[in-house]
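Structural overview for review
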Amino acid sequence: MSSAVVKEAHSPTRRNRTRSRAKGASTSITSVLYLKDDISIATSGAADNVVKFWDTRNLKAPISNKTSQSTAQPSKEGVTHGISCLSQDSYGAYIAASCMDHRIYLYSTLHMDKGPIKTYTGSKIESFFVKSAISPDGTHILGGSSNGNVYLWQVFAAFLLPFLLHFIHCIHVKLLIPFSLL
């Protein structure tokens, strides 16, 4: 049994609830992340482009509730884009959020109330299976893409195009048998 539950942590807002449910909007939590301060967590959902920050000592309301997109523009269908994953560098300074609007947003944990501080584009994030990660030292973001490519951005050079990494998707694993057993 869990020690705490936050019900409807990313449910649609009350005014959009009827319309969103009618269109089958998901209230799934797509990513949770313990922050390095040992008392905060970050959550994201499938139904919105919001990253919520919570104090684990008081889970009644988020301490910060920031939309990933600075303009929060819905898509042509009127649906906002969900977030597929969250990651944090080993110093706890940054959080990267992969959004289904084909962007990765970077947050500063010192300034969570200001929303994203940088945006990275180039990859296609068309599925909640497409993930990204910020490097442990916080200098690079590695992101998957629905087109089968892997992209690498320099965190402090968001204006540059990402590096495109080419991989062979077939990995062979060989079972190694010690010579003494043959």
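Rules behind the numbers
- Residues numbered from 1 in each chain as written.
- Predicted model: local features only at pLDDT ≥ 70, side-chain atom pairs only at ≥ 80, totals over all residues.
- Heavy atoms only, no water.
- Salt bridge = Lys/Arg side-chain N within 4 Å of Asp/Glu carboxyl O.
- Phe/Tyr/Trp six-rings, centres within 6.5 Å; stacked < 30°, edge-to-face > 60°.
- Pairing = 2+ DSSP bridges.
- Helix = DSSP H or I, 4+ residues; strand = E, 2+ residues; numbered from the N terminus.
- Axes fitted to C-alpha atoms, helices over the stretch in contact; angles between N-to-C directions.
- Contact = heavy atoms within 4.5 Å.
- Buried < 20%, exposed > 50% of the residue type's maximum accessible area, 1.4 Å probe, protein only.

This model, assessed by the stated rule, comprises 3 salt bridges. Note that K124 and E126 form a salt bridge whose closest N and O atoms lie 3.7 Å from each other.

For the rest of this paragraph, the subject is the packing of aromatic side chains. In the structure shown here, the tally under the stated rule is 4 aromatic pairs. Here a set of aromatic residues connected by ring pairs shows up, and it is made of Y120, Y151 and W153.

A few words now on the sheet that holds strand β5 (residues 83-88). Ordered by their spatial adjacency, 4 strands build an open sheet running β5-β6-β7-β8, and the pairing between neighbours is antiparallel. Since the sheet does not close on itself, it has two edges, and those belong to β5 and β8 (118-121), each with one partner. Across the sheet, the mean angle from the axis of one strand to that of its neighbour is 20 degrees, orientation sign disregarded. Here strand β7 (residues 103-108) pairs with β8 via 4 bridges, running antiparallel. Note on β8: the bridge partner recorded for R103 is T121.

Here we take up the environment of F53. Positionally, F53 belongs in strand β3 (residues 50-55). Sequence spacing of F53 and L35 is 18 residues, and the spatial spacing of their C-alpha atoms is 9.2 Å.

We now examine the environment of L142. Looking at the element boundaries, L142 is found in strand β10 (residues 140-144). Along the sequence, L142 and V155 sit 13 residues apart, while their C-alpha atoms lie 10.0 Å from each other. Once residues lying within four places of it in the same chain are set aside, the contact partners of L142 are S132, A133, V150, Y151, L152 and L165.

Sheet faces and side chains relate simply in a regular strand, where the side chains alternate between the two faces. Alternating residues of β10 divide into I141 and G143, all buried, and H140, L142 and G144, none buried. What sits between the antiparallel neighbours strand β9 (residues 132-134) and β10 is a turn of 5 residues, in which G138 has the positive phi angle 75 degrees. Strand direction decides the pairing type here: β10 and strand β11 (residues 150-154), joined by 5 bridges, are antiparallel. Following the sheet pairing, G144 is matched in β11 by V150. With antiparallel pairing between neighbouring strands as the criterion, β10 and β11 make up a hairpin whose turn holds 5 residues, including G148 at a positive phi of roughly 90 degrees.

The next thing to look at is unusual backbone geometry. Here D38, not a glycine, exhibits a phi torsion of approximately 70 degrees, which is positive. Within the element layout of this structure, D38 appears in the loop between β1 (29-34) and β2 (40-45). One non-glycine residue, H102, lies in positive phi territory at about 70 degrees. Relative to the helices and strands, H102 is located in the loop between β6 (94-99) and β7.

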